[in-house]
Amino acid sequence: MIALVKRAEPSRFFSLAAPVLAVVATMVFGGILFAFLGKDPLTAIGTIFWEPLFGEFAFFYRPQLLIKGAPLVLIAIGLSLGFKAGIWNIGAEGQYIMGALFGAGVGLAFYPMESVFIFPLMVLAGAFGGWVWAMIPAVLKVKFGTNEILVSLMLVYVAEQFLASMSLGLLKNPEGFGFPGSRNLQQYASAHNGELIAGSGMHWGVVAALIAVIFGYVLLARHRLGFAIRVTGEAPRAAKFSGVNPSRLVLFCLGISGLLAGLAGLFEVSGPAGQVTIEFNVGYGFTAIIVAFLGRLHPVGILLAGGLMALTYIGGDIAESKLGLPAAAIQVFQGMLLFFLLAFDLFTNYRLRLGRAEVA
Amino acid sequence: MDLSAINPVLFIAGFFVAATPLIFAAIGELVVERTGVLNLGVEGMMIVGAICGFATAVETGSPLLGFAAAAVGGAALSLLFAFLTQVMLANQVASGLALTLFGLGFSALLGQSYVGIKPPRLGDIDFGPLREIPVIGPILLSHDLIVYLGLALVIAVWAVLKYSRIGLVLRAVGENHDAAHALGFKVKRIRTLAIMFGGACAGVGGAYISLIRVPQWTEGMTAGVGWIALALVVFASWKPLRVLLGAYLFGGLVQLQLNLQGVGVAIPVEYLAMSPYVITIIVLVVLSRDNNRAPGSLGRTFHASS
């Protein structure tokens, strides 16, 4: 008989090893999945993880890594703060959409005027859009005790409909021959979030993501609020006694994650995506949940996890075009990763012991 | 706009079709939550049920086999959640989310070759001449088997929870898992069975969408119904019969929104389409004041030695 015994202290080793084990297990089971789909598992895994970094066209894919990774890291940093305190913002996708809409809306309002102030204004508007959307579940939770998981999620569907209405209506390109979607911000110099160093993939969103990582690290390690977040997550009652105000914490955690998700949306719509379209959002808000967990809710971990997840996106695209691997397979692959991570996490808090458990 | 274009009898009859997926998903989740487990993977189990049911119905030509396969598919997926939360003691919120993310991808993968196909139709039950009764006939007696099955299931769950020993044990496990364990009940086994029941119900609910309500397969077609079902459990204050009330109210709303779109109300389609989600939020707010009737152990991980 195998029994589980709770560790007195969470194991540092397994807390770091679990993500690595999860990646390995996902590769194995992902390989089996690919074999079922009739692809050679080794080639498929190799294509996903090797090609973007070291393959023949790596010079083309490496910048993509920053472009895909930045929004994931930006959103995941915000989510991780809430998750740490047991505040579950699941609606980052909606906040991302609203950030993009607010930011792009401000930019398009100024068209065709050119000014250096337009882009900073758009950044503010994007952050504000995401923040406002996250404040809805936050205020409802604080005022009425409403479940923030359900409310933030419902707002994703609302935001998606809002996006559709905007790209068919108010923000539609008047010179777009009737097609849905806004003007292309890439062709509007003052509103374009272009590459800072040509060919590097580095745009303002990447800079923002790096700042967010540092901000998250300092907040958690050095600041009173970071302390309040950690205590609330680990021992809610102790947090109350030490004077943590739970309402303020809810407003702060949801607000900051909404703000960062909104920024991610703005940087995406004004840079890589270029325009507001009905299907402009691609699920970064949901994938960021995996990134946050995979990164152990730790800022540096999230940076690494964001890179890895970006790799699976790009590798998945390559595998789709080269091997005909279905796009959905990568989604399954990412879901699996979270499963394995949650499963291996057992060993962080528990030890396996052969024989019967002692009666406590 | 011409509101008289809406036929009131057909309109009310449509409630049942709109409510059935919700009834199945919510009653399954209600049982799961009554045992103290919060499974946020309803959306994932529904969409996997939707494609399992759809594929089986198309391949075999039998919608009923499709529903059976959907139940099996939903339950099989829920076993992943049961394994994570009951064996590996993982966080229930995170595991439920994982289940949904995985389910959305997995269903898209399974469904690739089924896009654009029409499933075989499940006919309405033949009530013979009874169906000719004005108003009552078309509203109550013009539906398929699954609609009535959903009603029966809710009543059965209500009776079992309220009057049977199994119900008592279920509730004990949900209210206080340590006490239930001390009394000798197998907490994990009971919870795992409840999770599978919830998965099977969610699967059938999903298949109702792909086989009857929409009759086709598209990626992500459950579009948040699973999350609304979770809100419905809160709305029902964990009481089975109130699930029916909530589902019909909600089904009515969805139906109204579709009908208004149909007759060309001046409000843009997108705003009508977002209304069910907005109204769910409003309902959650209104009801959150007396929401302290949740099962005592809801969302907490059980480990015998701790």
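Parameters at a glance
Residues numbered from 1 in each chain as written. Chains lettered and ligands numbered in written order. Predicted model: local features only at pLDDT ≥ 70, side-chain atom pairs only at ≥ 80, totals over all residues. Heavy atoms only, no water. Helix = DSSP H or I, 4+ residues; strand = E, 2+ residues; numbered from the N terminus. Rg over C-alpha atoms; globule rule 2.2 N^0.38 Å. Contact = heavy atoms within 4.5 Å. Areas by Shrake-Rupley, 256 points an atom, 1.4 Å probe, with all protein chains shown as cover. Disulfide = S-S within 2.5 Å. Buried < 20%, exposed > 50% of the residue type's maximum accessible area, 1.4 Å probe, protein only. Buried area = accessible area lost by both parts, 1.4 Å probe. Salt bridge = Lys/Arg side-chain N within 4 Å of Asp/Glu carboxyl O. Polar contact = N/O pair within 3.5 Å; in protein donor to acceptor, adjacent residues only side chain to side chain. Nonpolar A, V, L, I, M, F, W, Y, C, P; charged D, E, K, R; others polar. Core = buried A, V, L, I, M, F, W, Y, C linked by side-chain atoms within 4.5 Å. pLDDT = per-residue confidence, 0-100. 1 Å grid on protein atoms, 1.4 Å probe; cavity = no way out; pocket = protein on both sides within 12 Å on 5 of 7 lines; lining within 4 Å. Points joined across faces, edges and corners; volume = space filled by probe spheres on them.

Before going further, it helps to spend a moment on the overall build of chain A. Along chain A, the regular secondary structure elements total 15 helices and two strands. Taken over the C-alpha trace, chain A has a radius of gyration of 22 Å; the compact-globule value for 360 residues is 21 Å, and the two agree within 12%. With the C-alpha coordinates aligned to their principal axes, the bounding extent of chain A is approximately 75 × 55 × 35 Å. Contacts in chain A between residues at least 24 apart in sequence constitute 77% of all its contacts with a sequence separation of at least 6. Here chain A displays about 15,900 Å² of accessible surface, and carbon together with sulfur accounts for 67% of that area.

Our focus in this paragraph is the state of the cysteines. Residues and elements named next belong to chain B. Following the criterion strictly, the structure yields zero disulfides over all chains and no others. Lacking any disulfide linkage, Cys-52 is separated from the closest cysteine sulfur, that of Cys-201, by 15 Å. For Cys-52, a relative accessible area of 18% translates into the label buried.

Once that is clear, we can look at the interface of chain A and chain B. Contacts between the two partners involve 43 residues from chain A, matched on the other side by 45 residues from chain B. In total, about 3,800 Å² of surface goes out of reach between chain A and chain B, with carbon and sulfur atoms giving 82% of it. In this structure, the connection of chain A to chain B is made through zero salt bridges. The tally of links between chain A and chain B comes to three residue pairs in polar contact (both at pLDDT 80 or more). Looking at the side of chain A that touches chain B element by element, the count peaks at 14 residues for helix α7 (residues 148–168) of chain A. A breakdown of the residues in the side of chain A that touches chain B according to their chemical character gives 36 nonpolar, six polar and one charged.

Let's shift gears to the nonpolar core. Among the nonpolar cores identified, the biggest contains 199 residues, and Phe34(A), Leu74(A), Ile75(A), Phe83(A), Phe67(B) and Trp227(B) are the most heavily contacted of them. Those residues within four positions of Trp227(B) in sequence are excluded, and the remaining contacts are Ile149(A), Leu150(A), Leu153(A), Met154(A), Tyr157(A), Leu40(B), Glu43(B), Leu97(B) and Thr100(B). Formed by 17 residues, the second largest nonpolar core is a distinct cluster that contains Ala228(A), Ile229(A), Leu249(A) and Ile256(A).

All names here are of chain B. Tracing the sequence through the fold places Gln-86 in helix α3 (residues 63–87). In this structure the side chain of Gln-86 is engaged in a polar contact, spanning 3.2 Å, whose partner is the side chain of Thr-85. Excluding residues that lie within four positions of it along the chain, Gln-86 makes contacts with Val-37, Phe-81, Lys-188, Arg-191, Thr-192 and Ile-195.

Residues and elements named next belong to chain B. On average, chain B scores 89 in pLDDT, and the residues at 70 or more come to 96%. When mean pLDDT is compared element by element in chain B, helix α2 (residues 42–60) scores highest at 96, while helix α5 (residues 136–140) scores lowest at 76. With pTM at 0.90, the complex prediction returns an ipTM value of 0.87.

Moving on, we get to empty space enclosed by the protein. Residue and element names in this part refer to chain A. All told, the structure shown has one cavity of 30 Å³ or more when counted by the stated rule. Estimates place the volume of the largest cavity at around 30 Å³. Contributing to the lining of the largest cavity are Val-23, Thr-26, Met-27, Phe-49, Leu-308, Phe-333 and Leu-337. Looking at the lining of the largest cavity, the elements with two or more residues in it are α1 (12–36) and α14 (327–344). Here the element with the most residues in the lining of the largest cavity is α1; it accounts for three residues. Of the residues belonging to the lining of the largest cavity, the class tally is six nonpolar, one polar and no charged.

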